[in-house]
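Structural description and commentary
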Amino acid sequence: MAQPNHDPTAGDVLGVYLRSQATAFLRALRLHDAGAAGAGGGPDAGDGAEAAHGLRGAARRIASSLSTFRVVTQSGWADPLRTELVWLSSTLADEHAYAARLSRLMEALQRLSASPEVPAPRGTAAGALTVGSARAGALLERQLTLARTRAHSATLQALGSARFHAVADAVAVLASEVPLDPVAAGGRLPDVLTPLAAVARTRLEAAVDSLPAADASGPYSAHADAAWHEVRRLLRVHRYAQEALGDDAPRLAAASEALNQHRDASEAATASATAARTPRIAPATAYALGVLHADQRHAVEASRLTFHTLWQPAPAVPAGS
């Protein structure tokens, strides 16, 4: 008598992952709601940041899985939900991004002002960078705080909207029941999910292979940032696909963090360049912003090197050689 096959199906594995991420989403939402109902009606800053981080992470993972493993789900349900989750995670990310950018730039200005290795501009006193840094910091704080305030208002509006509540309701349903395609979901994991995850990796590898070569004329290659940002997005898709299959490789997480640092440095450099174009700023302020821009572009290049080292590690040296 044949023994029943107890191997998990593609639907079993994907269902477990999606339900776990939906549960994480709802847990973060409860944390946010609890903070918002606290003293004075305002959320604690720490709890609010933790809740937003949890919502973003779960929303990204669900949306990515619904895209990578689309054929395993009921697409009429999955496609609209994925679109809404992408909107939500993008909206929630803006406020955090502006706050982190300002903190990064303020720390860099303090470090550069205290460094004896940064020369003063020709024809000025040695303390010009210190003076310019203070003014540059004030300018960046005004610009980025305004952007953060606007992003915070957009976040509050989004979280109070009927659109968000519809998303939350859909995720609540997902936490208990995953609408799956009965045919694809009944297939074996190696026959269904593994090939779909391999497609995500192939796209990532193609994007890495097509990255522009370093500019031999200097350390800066801002024109290549968009291609690197796309690699970061594809790496995240690949990493989430591996998570769904139960393989959370540390190397992928480290490579992803390197590209996060790349993104942060790139956007910080852009913010300093934007501030430097402010009309009628003092020469010392412009100089400090220029030094800051160069510092962040160096950080961009360092992150690219780190990623390549992690993605294509040097071959091991044979023992005894």
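Throughout what follows, the structure given in this document is the object of discussion. (Residues numbered from 1 in each chain as written. Predicted model: local features only at pLDDT ≥ 70, side-chain atom pairs only at ≥ 80, totals over all residues. Heavy atoms only, no water.)

1. Re the layout of surface pockets
The cut-off we apply is this: Cavities and pockets were defined on a 1 Å grid built from protein atoms only: a cavity is a group of points that admits a 1.4 Å probe but offers it no way out, a pocket is an open group of points flanked by protein on both sides within 12 Å along at least five of seven lines, and a lining residue is one with an atom within 4 Å of any such point. Grid points are joined across faces, edges and corners, and a volume is the space filled by probe spheres set on the points. Helix and strand assignments come from DSSP, with helices taken as H or I runs of at least 4 residues and strands as E runs of at least 2, each series counted from the N terminus. Polar here means any residue outside two lists: the nonpolar Ala, Val, Leu, Ile, Met, Phe, Trp, Tyr, Cys and Pro, and the charged Asp, Glu, Lys and Arg; Gly therefore counts as polar.
The calculated volume of the largest pocket comes to roughly 1400 Å³. As for the largest pocket, its lining consists of 45 residues, and the residues nearest its centre are Arg 60, Arg 232, Arg 236, Tyr 240 and Arg 263. Those elements giving two or more residues to the lining of the largest pocket turn out to be α2 (45-68), α3 (75-114), α7 (189-209), α8 (225-244) and α9 (250-276). If you tally residues by element for the lining of the largest pocket, the top one is α3, at 13 residues. Within the lining of the largest pocket, the residues separate by chemical class into 16 nonpolar, 13 polar and 16 charged.

2. Considerations on the side chain of Thr 73
Under the convention used in this document: Think of it in three bands: residues with accessible area under 20% of the maximum for their type are buried, residues over 50% are exposed, and the middle band is partly exposed, with areas taken using a 1.4 Å probe on protein chains only. Each polar contact in these results corresponds to two N or O atoms within 3.5 Å; when the atoms are within protein, one needs to be able to donate a hydrogen and the other to accept it, and residues that are neighboring in sequence are counted only if both atoms are side-chain atoms. What makes two residues a contact is simply this: any of their non-hydrogen atoms within 4.5 Å.
If you trace the backbone, Thr 73 turns up in the loop between α2 and α3. Residue class for Thr 73 comes out buried when judged on its relative accessible area of 4%. At a separation of 2.9 Å, a polar atom in the side chain of Thr 73 contacts the main-chain carbonyl oxygen of Arg 70. In this structure Thr 73 touches Leu 14, Leu 66, Ala 78, Pro 179, Leu 180 and Asp 181, once residues within four positions along its chain are discounted.

3. So, the packing of aromatic side chains
Which entries qualify depends on this criterion: Ring pairs shown here join Phe, Tyr and Trp side chains whose ring centres sit within 6.5 Å, with only the six-membered ring taken for Trp; geometry is labelled stacked below 30 degrees between planes, edge-to-face above 60, and tilted in between.
One pass over the full model with this rule turns up two aromatic pairs. Pairing Trp 228 with Phe 307 gives two aromatic rings, centres 5.7 Å apart and planes at 80°, and the pair type is edge-to-face. Within this pair, whereas Trp 228 is found in helix α8, its partner Phe 307 is found in helix α10 (residues 283-311), the two being separated by 79 residues in sequence. Phe 307 matches Trp 228 in its accessibility class, with the two residues each being buried. Where Phe 307 meets Trp 311, the ring centres are 5.9 Å apart and the plane angle is 10°; that geometry is what we call stacked. Highlighted residues: Phe 307 and Trp 311, both in helix α10, separated by four residues, approximately one helical turn.

4. Brief notes about the packing of α3 against α10
Here is the rule: Axis lines are fitted to C-alpha atoms, over the contacting stretch for helices. Their N-to-C directions set the angle, which ranges from 0 to 180 degrees. Any angle that is under 35 degrees is reported as roughly parallel, and any over 145 degrees as roughly antiparallel; angles of 65 to 115 degrees are reported as roughly perpendicular and all others as oblique.
Put simply, α3 and α10 touch, their axes get as near as 10 Å, and they point 110° apart. With respect to α10, the axis of α3 lies roughly perpendicular. From α3, Arg 104, Leu 105, Ala 108, Leu 109, Arg 111 and Leu 112 reach across to α10, where they touch Ala 288, Val 291, Leu 292, Asp 295, Gln 296 and Ala 299. Looking at side-chain class alone, the contact of α3 with α10 contains eight nonpolar, one polar and three charged residues.

5. Side note on the environment of Gly 132
Residue position: Gly 132 is located in helix α4 (residues 128-159). Its relative accessible area of 0% is what places Gly 132 among the buried residues. Those residues in contact with Gly 132 that sit more than four places away from it in its chain are Ala 284, Thr 285 and Ala 288.

6. Brief notes about the nonpolar core
Filter applied, for reference: Residues belong to a common nonpolar core when they are buried Ala, Val, Leu, Ile, Met, Phe, Trp, Tyr or Cys residues joined through side-chain atoms within 4.5 Å.
Membership of the largest hydrophobic core comes to 38 residues, with the highest contact counts inside it found for Phe 25, Ile 62, Phe 69, Val 72, Leu 85, Val 171 and Leu 193. Listing elements by their share of this core, those giving two or more residues are α1 (10-36), α2, α3, α5 (162-174), α7 and α8. Discounting residues that sit within four places of it in the chain, Phe 69 has contacts with Leu 14, Leu 193, Leu 196, Ala 197, Ala 241 and Ala 244. Counting 18 residues, the second largest nonpolar core, distinct from the first, contains Met 106, Ala 108, Val 291 and Leu 292.

7. A look at α8
Worth spelling out the cut-off: The span one expects for a helix is its residue count, reduced by one, times 1.5 Å.
Its 20 residues give α8 an end-to-end C-alpha distance of 29 Å, which sits within 8% of 28 Å, the value for a rise of 1.5 Å per residue. Two residues or fewer past α8, Gly 246 is found with a positive phi of approximately 85°.

8. Side note on the pattern of salt bridges
Convention followed: Only one rule defines a salt bridge in this text: a Lys or Arg side-chain nitrogen within 4 Å of an Asp or Glu carboxyl oxygen.
Per the stated rule, a full pass over the model turns up 14 salt bridges. Where Asp 191 meets Arg 188, a salt bridge forms, and the shortest distance between an N and an O atom there is 2.9 Å. Under the relative-accessibility criterion, Arg 188 is labelled partly exposed at 46%. Via salt bridges that share partners, Asp 225, Arg 297, Glu 301 and Arg 304 belong to a single interconnected network.

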